[in-house]
Amino acid sequence: MPGAYPQLIQLDQKKPLTAVIKEVCDKWNLPGPDNYALQYADGIQTYITESIQMYTTTVACNGHGRCAEDLYKGIQSSDSGVRCDSLKLLADVSTDITFAQEFISRDGHSLLVKIVEDAHESVSHLSLAPLIMTHTLTAFMELMDHGIVSWENLSSVFIKKIAGFVNAKVLDTSIQQVSLAILESMVLSSSSLFNEVKQEITLERLISHLQVTNQQLQTKAMALLMAMLQAGGEADRQVRVGDEMAHYLYVLQTVRLNHLEARMRTPLDSYNQEQRDMLHELRQAAFETESESGLSNERRRSLCAKEFKKLGFSNNSNPGQDLSRCPPGLLALDTMAYFASRYPDAYSRFVLENSSREDKHECPFARSSIQLTLILCEILRIGEPPSETGSDYHPIFFAQDRLLEEFFCICIQLLNKTWKEMRATQEDFDKVMQVVREQITRTLSSKPTSLELFKNKVNALNYSEILKLRQTERLHQEETLAPPVELKERLKPELLELIRQQRLNRLCHGTLFRKISSRRRQDKLWYCRLSPNHKVLHYGDVEGETETPSIEALQEKIPVADIKNVVTGKDCPHMKENKGKQTKEVLDLAFSITYDVEEYSLNFIASSRTDFCLWTDGLNVLLGKEMSSESMRSELEILLSMEIKLRLLDLENVPIPDMAPPIPKPPSNFNFCYDFSQAEQ
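Residues numbered from 1 in each chain as written. Predicted model: local features only at pLDDT ≥ 70, side-chain atom pairs only at ≥ 80, totals over all residues. Heavy atoms only, no water.

Just so we agree on the cut-off: UniProt positions are given in the numbering used here, feature names are shortened, and annotations may be inferred rather than shown by experiment.
As recorded in an unreviewed UniProt entry, the protein chain goes by the name Engulfment and cell motility protein 3-like, listed as coming from Sinocyclocheilus anshuiensis. Of the comments in the UniProt record for the protein chain, the one headed Function (unreviewed entry) reads "Involved in cytoskeletal rearrangements required for phagocytosis of apoptotic cells and cell motility. Acts in association with DOCK1 and CRK. Was initially proposed to be required in complex with DOCK1 to activate Rac Rho small GTPases. May enhance the guanine nucleotide exchange factor (GEF) activity of DOCK1."

Section: the overall build of the protein chain
Put simply, the rule is: Elements are defined by DSSP. Helices are runs of H or I of four residues or more, strands are runs of E of two residues or more, and each kind is numbered from the N terminus. Any two residues whose heavy atoms approach within 4.5 Å are treated as being in contact. Per-residue and other accessible areas follow the Shrake-Rupley method at a 1.4 Å probe size, with only the shown protein chains counted as cover for residues.
Helix and strand counts for the protein chain stand at 28 helices and nine strands. At a minimum sequence separation of 6, the contacts of the protein chain that also span at least 24 residues come to 63%. Looking at the protein chain as shown, the accessible area adds up to about 38900 Å², and 50% of this sits on carbon and sulfur atoms.

Re the nonpolar core
Quick note on the threshold: The definition of a nonpolar core used throughout is a set of buried Ala, Val, Leu, Ile, Met, Phe, Trp, Tyr and Cys residues joined through side-chain atoms within 4.5 Å. Relative accessibility thresholds used throughout: buried, under 20% of the residue-type maximum; exposed, over 50%; partly exposed, between the two (1.4 Å probe, protein chains only).
If you look at the biggest cluster of nonpolar residues, it comprises 131 residues, and the most contacted ones within it are L112, M186, L372 and I440. Among the elements that take part in this core, helix α20 (residues 403-422) stands out by supplying 12 residues, more than any other. When residues no more than four places from it in sequence are discounted, the contact partners of L372 are F408, C411, I412, L415, M433, V436 and I440. Counting 40 residues, the second-largest nonpolar core is a separate cluster that includes L537, I558, M575 and Y595.

Overview of the packing of aromatic side chains
We apply this condition: The rule is short: rings of Phe, Tyr and Trp, with Trp giving its six-membered ring, pair when the centres are within 6.5 Å, and they are stacked under 30 degrees, edge-to-face over 60, tilted in between. Definition used: whenever NZ (Lys) or CZ (Arg) falls within 6 Å of the ring centre and also within 35 degrees of the ring normal, the charge is taken to sit over that ring.
Using the criterion set out here, one finds 23 aromatic pairs in the structure. With a centroid separation of 6.0 Å and an interplanar angle of 85°, the aromatic rings of F339 and Y347 are classed as edge-to-face. This pair shows no difference in class: F339 is buried, exactly as Y347 is. One aromatic cluster in this structure is built from F513, W526, Y539, F591, F604, F612 and W615. We note R367 situated over the ring of F429; from NZ or CZ to the ring centre the distance is 3.8 Å. Its end group placed over the ring of Y393, K447 keeps NZ or CZ at 5.8 Å from the ring centre.

Describing the sheet that holds strand β4 (residues 525-530)
The following threshold applies: Any two strands are treated as partners once DSSP identifies two or more bridges connecting them. Think of each axis as a best-fit line through the C-alpha atoms, taken over the contacting stretch in the case of a helix, with angles from 0 to 180 degrees between the N-to-C directions.
Spatial strand order, β3-β4-β5-β6: four strands in an open sheet with antiparallel pairing. If you trace the sheet from one side to the other, it starts and ends with β3 (511-514) and β6 (556-559), each paired once. The average undirected angle you get between the axes of adjacent strands in this sheet is 25°. Inspection of the sheet shows strand β5 (residues 536-542) paired to β6 by four bridges, in the antiparallel sense. Bridging from a neighbouring strand, H538 pairs with K557 of β6. Most of the contacts of helix α24 (residues 487-509) go to β4, to which it runs at about 135°, and overall it touches β3 and β4.

Thoughts on the sheet that holds strand β9 (residues 600-605)
Spatially, three strands are ordered β7-β8-β9 in an open sheet, and the strand pairing comes out antiparallel. Where the open sheet ends on each side, the last strands, each with one partner, are β7 (563-568) and β9. Taking each pair of neighbouring strands and ignoring which way they run, the sheet shows an average axis angle of 20°. Summarising the sheet, strand β8 (residues 590-595) and β9 pair through five bridges and their orientation is antiparallel. Following the sheet pairing, S592 is matched in β9 by N603. Relative to β8, helix α27 (residues 609-622) is tilted by about 20°, and along the sheet it contacts β7, β8 and β9.

Some words on helix α16 (residues 297-311)
What counts is decided by this rule: Multiply 1.5 Å by the residue count of a helix minus one, and that product is the helix's expected span.
With 15 residues, α16 ought to run about 21 Å at 1.5 Å a step, and its terminal C-alpha atoms sit 21 Å apart, in line with that. For α16, every residue scored as buried is listed here: L303, C304, A305, E307, F308 and L311. Elements that come into contact with the buried residues of α16 comprise α15 (273-286), α18 (344-355) and α19 (365-380). Downstream of α16 by one or two residues, G312 has phi in the positive range, about 100°.

Observations concerning the pattern of salt bridges
To keep it simple, the criterion reads: We define a salt bridge as a contact between a side-chain nitrogen of Lys or Arg and a carboxyl oxygen of Asp or Glu at a distance within 4 Å.
For the structure shown, the criterion picks out 27 salt bridges. Across the pair E473 and R442 runs a salt bridge whose closest N-O atoms are separated by 2.9 Å. Of this pair, E473 sits in helix α23 (residues 463-478) while R442 sits in helix α21 (residues 429-445), and the two are 31 residues apart along the sequence. Judged by relative accessible area, which is 34%, E473 ranks as partly exposed. Through salt bridges with shared partners, a single ionic network connects E438, R442, R470 and E473.

So, a nonpolar patch on the surface
Basically, it comes down to this: Each patch is built from salt-bridge-free residues with over 30% relative accessible area, joining like charges within 9 Å and nonpolar side chains (Val, Leu, Ile, Met, Phe, Trp, Tyr) within 5 Å.
A grouping of L646, L649, V654 and I656 is seen on the molecular surface, where their side chains present a nonpolar patch of about 290 Å² in accessible area. Relative to the helices and strands, V654 resides in the segment after α28 (630-651). By relative accessible area, which is 37% here, V654 ends up partly exposed.

So, the environment of L224
Position of L224 among the secondary structure elements: in helix α11 (residues 215-231). The exposure class assigned to L224 is buried, which follows from its relative accessible area of 0%. Residues L224 and L188, spaced 36 residues apart in sequence, show a C-alpha to C-alpha distance of 9.3 Å.

What to know about the packing of α24 against α28
Where we set the bar: When describing relative orientation, an angle under 35 degrees is termed roughly parallel and one over 145 degrees roughly antiparallel, while 65 to 115 degrees is termed roughly perpendicular and anything else oblique. For a crossing to be left-handed, the near helix must be turned anticlockwise from the far one by less than a right angle; the clockwise case is right-handed. Residues are grouped as follows: Ala, Val, Leu, Ile, Met, Phe, Trp, Tyr, Cys and Pro are nonpolar; Asp, Glu, Lys and Arg are charged; all remaining types, including Gly, are polar.
Relative to each other, α24 and α28 sit at 125°, their axes nearing to 9 Å. By the angle between their axes, α24 is oblique relative to α28. Once α24 is placed against α28, the crossing between them reads as right-handed. Judged by residue contacts, L487, K488, L491, K492, L495, L496, L498, I499, Q502 and R503 of α24 engage S631, M632, E635, L636, E637, L639, L640, E643, I644 and R647 from α28. In the contact of α24 with α28, the residues fall into 11 nonpolar, two polar and seven charged.

Re unusual backbone geometry
Here the amide bond leading from C326 into P327 is cis, since omega sits at -10°, within 30 degrees of zero. As for its placement among the helices and strands, P327 is situated in the loop between α16 and α17 (330-342). The omega torsion across P327 and P328 is 10°, close enough to zero to call that bond cis. Inspection of the secondary structure assignment puts P328 in the loop between α16 and α17.

Some points on the side chain of D334
On the secondary structure map, D334 appears in helix α17. In this structure D334 touches R263 and M278, once residues within four positions along its chain are discounted.

As for the side chain of Q176
The cut-off we apply is this: The definition of a polar contact used here is a pair of N or O atoms within 3.5 Å, where within protein one atom must be able to donate a hydrogen and the other to accept one, and adjacent residues in sequence count solely through side-chain atom pairs.
Note on placement: Q176 falls in helix α8 (residues 173-189). We classify Q176 as buried; its relative accessible area is 5%. Among the polar contacts made by the side chain of Q176, one reaches the main-chain carbonyl oxygen of A168 at a distance of 2.9 Å. If we skip the residues at most four places from it in the chain, Q176 touches F165, V166, A168, L171, R205, H209 and L217.

Now the structure itself:
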């Protein structure tokens with residue numbers, strides 16, 4: 001507590017949280033324990049609730065912070081200084097979902113909306129006004145990110161005001177940055193909000209934001225532009241991204257990537273202490289190195305050389321020589337260091353897995369990383385000046401600040417996967433790199449709009465698929481055995497993608513499942529749904545057939561990245577346990593997912609064959625596998641039939657409207673019928 005000596009208080013985690021907080025407050029002589037909460041003092045300062053298991057960590061009683069009620073009152077203060085401080089603190093603590101729920105339950109988000117709606121257009125008539133508006137918008141964005149309140153509830157006045165901040169020619173850049181982020185979330189949340197934003201924001205204004213020197217403002221403007229392109233239809237995309245715009249995006253991408261050229265052209269300097277430290281940090285991050293302080297110089301050099309060899313450096317006594325080739329120069333060291341710090345578990349796994357393989361079968365991390373960085377530089381054309389007619393840009397670039405480094409982290413793990421698929425040895429190094437280059441270029445040619453989409457697609461394009469594609473292309477080049485390309489085959493990929501999106505949307509909405517016990521009782525229910533970003537499955541027990549529960553209400557979760565496989569029918573663990581006791585109907589509706597390690601599973605029994613098909617298809621899409629249900633095949637045939645009929649109508653010059661015809665008004669009365677008793681003449 002401020003002004004008091006610190007106390008070491010042992011918290012009994014077996015007691016209810018309210019009892020623990022009361023004990024802490026009693027030790028500090030604080031009245032009203034209901035107004036306090038435990039909060040992590042270090043790192044991300046989130047609040048601790050009953051649903052979050054408490055581990056041994058430094059915690060602090062939130063006695064000096066403001067609770068939701070205090071902040072709710074503070075942001076309404078007539079003193080602008082108090083309002084500014086309250087809003088600043090609100091923006092900081094709104095990242096915590098527990099606080100966000102408390103604040104929103106008091107209708108606090110509506111208060112923020114009103115502040116924005118009542119704001120003066122210039123937001124600069126008072127000295128603290130820009131800061132107040134920046135904190136207001138930031139707090140609003142953080143609260144909305146939890147998904148507690150729907151974006152659909154926002155008024156047109158609020159949308160116009162946010163758009164006005166973006167369109168203003170003279171305004172604080174911090175306000176414009178967060179306003180662009182809010183509009184991006186609106187556009188991605190629903191088609192109706194997209195249409196409203198499209199009416200308020202012009203392409204010319206977004207382009208003007210791309211021409212400023214503020215890189216953060218550029219990035220936010222580009223993110224909104226990409227979101228609008230994704231949300232719009234094909235006609236809208238063609239209108240917004242014409243030849244001139246495509247060229248501008250290409251130039252912007254080239255200029256920003258070329259900032260990496262200096263590092264790419266600079267070899268490692270063995271006398272540069274900072275660069276030498278980076279090399280040794282790579283080594284120490286990969287191995288649990290014994291303390292080197294007590295070792296002799298000879299022993300230390302021997303240990304370092306041994307570990308640099310395991311890392312895959314050709315010159316293990318002086319690994320800096322491996323980085324003397326330019327390109328990629330120091331850029332290869334940067335990508336390796338980024339991977340080691342950003343994804344330490346994946347980095348350690350890569351190095352240790354390969355250092356324990358048989359001789360010549362290990363995939364050398366350092367050599368592979370250096371060559372992969374060079375390949376990425378060539379694919380992204382780093383160092384090449386933009387051409388006057390170029391228009392080949394990557395949408396993924398504008399959704400990521402450190403594209404090259406994140407690309408590298410995905411592709412180096414892809415390389416290890418491809419190495420194992422090819423059962424490669426050291427002599428096959430160049431062949432593996434050729435396959436990896438092909439995997440990357442083929443995936444990029446499909447213009448993925450996010451790193452997650454790129455990762456899923458490039459990992460699905462395995463070595464066997466590359467061989468099939470090469471064989472098909474070779475047959476086409478030789479003009480032998482080239483089958484005629486039917487219209488149906490051309491339409492299938494687009495329609496399959498439509499079905500995939502429908503499946504994922506259905507998983508995001510979630511489904512109610514029944515628990516079937518050995519006594520065949522079916523009164524217990526549980527709910528499972530996919531998070532909006534398609535990264536986590538949330539599930540938990542529910543009471544009765546109620547409305548769709550929120551994600552926060554479902555306490556259990558499984559990261560999609562941990563899911564290993566989907567099994568159905570008699571292969572499911574819960575079906576094997578009751579082998580011979582399940583009916584064929586139950587077997588046909590059972591499916592399970594295995595995760596983390598094979599012995600962990602989440603078991604389902606669908607209420608209908610339709611739900612079974614939707615979920616098994618959706619889970620296969622998440623795992624990058626093909627959909628195989630009968631529902632998918634039926635829907636694909638229906639869509640193909642409809643699309644072909646529309647194409648045939650178009651060939652006959654029958655105009656096909658873009659919009660559905662209006663529904664006619666109902667008749668004034670319904671007093672009409674057909675007399676079936678009269679025989680037709």
